[in-house]
Amino acid sequence: MADMIIKNVYILTMDPSVGDIENGVVVIENGMIKEIGTSTQCSAEKVIDAKGSVLMPGLINTHCHAGMTIFRGYADDMQLQDWLENHIWPAEAQLTDEDIYAGTRLACLEMIRSGTVAFADMYIHENKVAQAVDEAGIRAALSYGMIDFGNKEKADKELKEGSAFVKEWNGKADGRIDTMYGPHAPNTCSRDFLIRVKEQAVKDNVKIHIHVLETEAELNYMKENFGVCSIHFLKGIDFWGPDILAAHCVWLSDGDIRILAEYDVNISHNPISNMKLASGICPVSKLLEAGANVCIGTDGCASNNNLDMFEEMRTAALLQKVSTMDPTVLPARKVLEMATINGAKALGIKSGMLKEGYNADMIIVDMNKPHLTPVYDVASHLVYAASGKDVKTTIVNGKVLMEEGKVLSLDEQEVIDIAIQRSKELILKINN
Ligand code: NI
């Protein structure tokens, strides 16, 4: 007897060898997809009839600071440097374990609601992030965000903490949690420190999550201090490889694009954050053309201000089209690939595709809505017309986290109430 069967559903498998399946069936057992097709001989304890809906791989958010959800809407409409140095960093200095836990629970709740099944995170108090992820039932690749600013003592301390986190949490929560090293960025971490982090990550066999060339200021800083941009600088210390998840990558030359593609670097494109902070536009279509693995992330809620990956997909497509003045770039199916298959590759997880033997990480999207009617092309609707609010069921690791709009793994009202309470206390502390 299988654990669950979902039937009578339009399946967007994202499996290039199969394509879409009309009126399909998926069988789930032990957290994995056991069967997928148009019929099955299996029976299951739980059967979901999803007529009129679309079943698809859950979305993968490859750059997030989930704890920052506690800062949603806290500091808007500012210059990035002012925003970071005068608002975010001083506010972060006040954060406690409880704040991060409350913020991350809120983030998990929002992600489960809006169809995200896995995310990559880099932040502080990361143990509390891991605890929240464990309890929420979602999947994540977590890293403790490290900054040394060239201070040897701080470098030692940061690496020790990052390393302890990696060892404590890797493979935990029934395998839903993977860990990474999280050196913040090439302009906030020293050359020596980045070399040490890479060595340690290789030794521990885990990936690295880093911000790269988010701003023109970073580009200028690297050129002034090292005579090369961040991409060439990191190439020079043998940093690049398929184990690297590089967020943003906005300020790239054509030569940089070739390097990122050649070394199989995973690039997390964060269009809304880049637009909101006026950081610039990542040359996504050129990166994809060069063969690079580009996925999608929301960044933290202080620069977005939500975690809706449907909105992020649409924005990614629209931004590329208008910036290249070419409406044919980043078609809907390609954007869906970025948010599913490419994201799974970046995190090194067997998700992002509905296929036998893959993780049962999937969502059901309700298509019986005025703004999704009529349907000529499902992929087009998912990217250009749908939003996270249209997701009605979310399944991670074979467990139903939300069913018919009701979140099962978290007490929704409690998560919201506590987040409000923490934010009120936090603002008092910051203003004092
Ligand atoms: Ni970020």
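Conventions and cut-offs
Residues numbered from 1 in each chain as written. Predicted model: local features only at pLDDT ≥ 70, side-chain atom pairs only at ≥ 80, totals over all residues. Heavy atoms only, no water. Helix = DSSP H or I, 4+ residues; strand = E, 2+ residues; numbered from the N terminus. Rg over C-alpha atoms; globule rule 2.2 N^0.38 Å. Buried < 20%, exposed > 50% of the residue type's maximum accessible area, 1.4 Å probe, protein only. Contact = heavy atoms within 4.5 Å. Areas by Shrake-Rupley, 256 points an atom, 1.4 Å probe, with all protein chains shown as cover. Expected span 1.5 Å × (residues − 1). Donors = N, O, S within 2.8 Å, 3.2 Å for Na, K, Ca; no water. Axes fitted to C-alpha atoms, helices over the stretch in contact; angles between N-to-C directions. Parallel < 35°, antiparallel > 145°, perpendicular 65-115°, else oblique. Left-handed = near helix turned anticlockwise from the far one by under 90°. Pairing = 2+ DSSP bridges.

(A) Seen up close, the overall build of the protein chain. Across its full length, the protein chain holds 14 helices and 17 strands. The C-alpha radius of gyration of the protein chain comes to 21 Å, within 12% of the 22 Å expected for a compact globule of 432 residues. Along the longest, intermediate and shortest principal axes, the C-alpha atoms of the protein chain span 65 × 45 × 40 Å. When burial is assessed residue by residue, the protein chain has 59% of its 432 residues classed as buried. Contacts spanning at least 24 positions in sequence make up 73% of the contacts within the protein chain whose residues lie at least 6 apart. Here the protein chain has roughly 17,200 Å² of accessible surface; of this, 49% comes from carbon and sulfur atoms.

(B) The arrangement of unusual backbone geometry in detail. At the junction of N304 and N305, the peptide bond is cis and its omega measures out at 10 degrees in the coordinates. Secondary-structure assignment places N305 in the loop between strand 13 (293-296) and helix 11 (309-324). You will see that M14, though not glycine, has its phi angle at about 65 degrees, which is positive. For M14, a relative accessible area of 10% gives the class buried.

(C) Broad picture of helix 5 (residues 191-204). In a regular helix each residue adds 1.5 Å, so 14 residues correspond to 20 Å; helix 5 covers 20 Å between its end C-alpha atoms and thus fits that length. All of the buried residues along helix 5 are F193, L194, V197, K198, Q200, A201 and D204. Looking at the buried positions of helix 5, the neighbouring elements they touch are strand 8 (139-146), helix 4 (152-169), strand 9 (177-183), strand 10 (207-212), helix 7 (230-236) and strand 11 (244-248). N205 sits one or two residues past helix 5 and shows a positive phi near 55 degrees.

(D) Structural view of the coordination of the nickel ion. Those protein atoms acting as donors to the nickel ion are H63 (NE2), H65 (NE2), H211 (NE2) and D299 (OD), and they sit at 2.1 to 2.4 Å. In terms of primary sequence, the donors binding the nickel ion are separated according to H-x1-H-x145-H-x87-D. Pair noted here: H63 is in strand 6 (residues 59-64) and D299 is in the loop between strand 13 and helix 11, with a separation of 236 residues, a long-range link. Grouping residues by exposure puts H63 and D299 together as buried.

(E) The packing of helix 2 (residues 97-113) against helix 14 (residues 412-431), seen in detail. Contact pair helix 2 / helix 14: the axes reach a minimum separation of 9 Å and the direction vectors enclose 140 degrees. Between helix 2 and helix 14, the interaxial angle falls into the category oblique. Crossing handedness for the pair helix 2 and helix 14: left-handed. Residues E98, D99, A102, R105, L106, L109 and R113 of helix 2 lie in contact with helix 14, whose contacting residues are E412, E414, V415, I416, I418, A419, R422, L426 and K429.

(F) Representation of the pairing of strand 14 (residues 362-366). Counting buried positions along strand 14 yields five of five residues, so the element is predominantly enclosed. Here strand 14 shows a buried face lined by M362, I364 and D366 and a second buried face lined by I363 and V365. Summarising the sheet, strand 5 (residues 53-57) and strand 14 pair through five bridges and their orientation is antiparallel. Pairing of P57 across the sheet is with M362, part of strand 14. Where strand 14 lies against strand 15 (residues 391-396), four bridges are found, and the strand directions are antiparallel. Within strand 15, the position partnered with V365 by the bridge is V391.

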